[in-house]
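The residues making up each chain are set out below.
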Amino acid sequence: MNQESIQRINELYRKSKAEGLTEEERKEQALLREEYIANVRANLRGQLNNISIQNADGTITDLGEKYGKKNLHKES
């Protein structure tokens, strides 16, 4: 998501509080919010897929390999 889209989300939010939105603007706002949320989820998923845990015996478990990366394509 680019900076222009984020600015547009904020503009629509401020306008909705000040004077209200037209039906077209409400639809645009909903689409932009969905895109933003999808972007946040993808970033979080990427971070979580890169987490590794060192076990007490010294071995390292890659949690992304164990839990995350194999499910990545199912959710998309």
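Before reading on, note that the structure itself is shown above.
Residues numbered from 1 in each chain as written. Predicted model: local features only at pLDDT ≥ 70, side-chain atom pairs only at ≥ 80, totals over all residues. Heavy atoms only, no water.

Draft legend 1. Looking closely at the packing of helix 1 (residues 3-18) against helix 2 (residues 23-48). Where helix 1 meets helix 2, the axes come as close as 10 Å, and the angle between the chain directions of the two elements is 135°. Viewed along their axes, helix 1 and helix 2 adopt a mutual orientation that is oblique. Judged by the twist between their axes, the crossing of helix 1 over helix 2 is left-handed. Residues Ser5, Arg8, Ile9, Leu12, Tyr13, Lys15 and Ser16 of helix 1 form the contact with helix 2, whose participating residues are Glu25, Glu28, Gln29, Leu32, Arg33 and Tyr36. Within the contact of helix 1 with helix 2, the residues separate by chemical class into five nonpolar, three polar and five charged. (Axes fitted to C-alpha atoms, helices over the stretch in contact; angles between N-to-C directions. Helix = DSSP H or I, 4+ residues; strand = E, 2+ residues; numbered from the N terminus. Parallel < 35°, antiparallel > 145°, perpendicular 65-115°, else oblique. Left-handed = near helix turned anticlockwise from the far one by under 90°. Contact = heavy atoms within 4.5 Å. Nonpolar A, V, L, I, M, F, W, Y, C, P; charged D, E, K, R; others polar.)

Draft legend 2. Spotlight on helix 1. Between its first and last C-alpha, helix 1 extends 23 Å over 16 residues, near the 22 Å set by a 1.5 Å rise per residue. If you check which residues of helix 1 are buried, you get Ser5, Ile9 and Leu12. Here the buried residues of helix 1 occupy an arc of 70° about the axis, which is enough to place them on one side. Among the exposed residues of helix 1, those pointing more than 90 degrees away from its buried face are Gln3, Glu4, Arg14, Lys17 and Ala18. Of the surrounding elements, those touching the buried residues of helix 1 are helix 2. The distance from a side-chain oxygen at the start of helix 1 to the backbone nitrogen of Glu4 is 3.3 Å, and the residue carrying that oxygen is Asn2. Positive phi shows up at Gly20, right after helix 1, with a value of about 95°. (Expected span 1.5 Å × (residues − 1). Buried < 20%, exposed > 50% of the residue type's maximum accessible area, 1.4 Å probe, protein only. Arc of directions from axis to C-beta. Polar contact = N/O pair within 3.5 Å; in protein donor to acceptor, adjacent residues only side chain to side chain.)

Draft legend 3. The pattern of salt bridges, seen in detail. A complete count under the given rule lists four salt bridges for this structure. Residue Glu11 is joined to Arg8 by a salt bridge in which the shortest nitrogen-to-oxygen separation is 3.3 Å. Taken as a pair, Glu11 and Arg8 lie in helix 1 at a separation of three residues, close to a single helical turn. Look at Glu11 and you get partly exposed, because its relative accessible area is 39%. Accessibility expressed as a relative area gives 26% for Arg8, which makes it partly exposed. For Arg26, the salt bridge identified is with Glu23, shortest N-O distance 2.8 Å. Taken together, the residues Arg26 and Glu23, both in helix 2 and three residues apart, mark about one turn of the helix. Among the ionic contacts, a cluster of salt bridges with common partners joins Arg8, Glu11 and Glu28. (Salt bridge = Lys/Arg side-chain N within 4 Å of Asp/Glu carboxyl O.)

Function-wise, these values are silent; they only describe arrangement.
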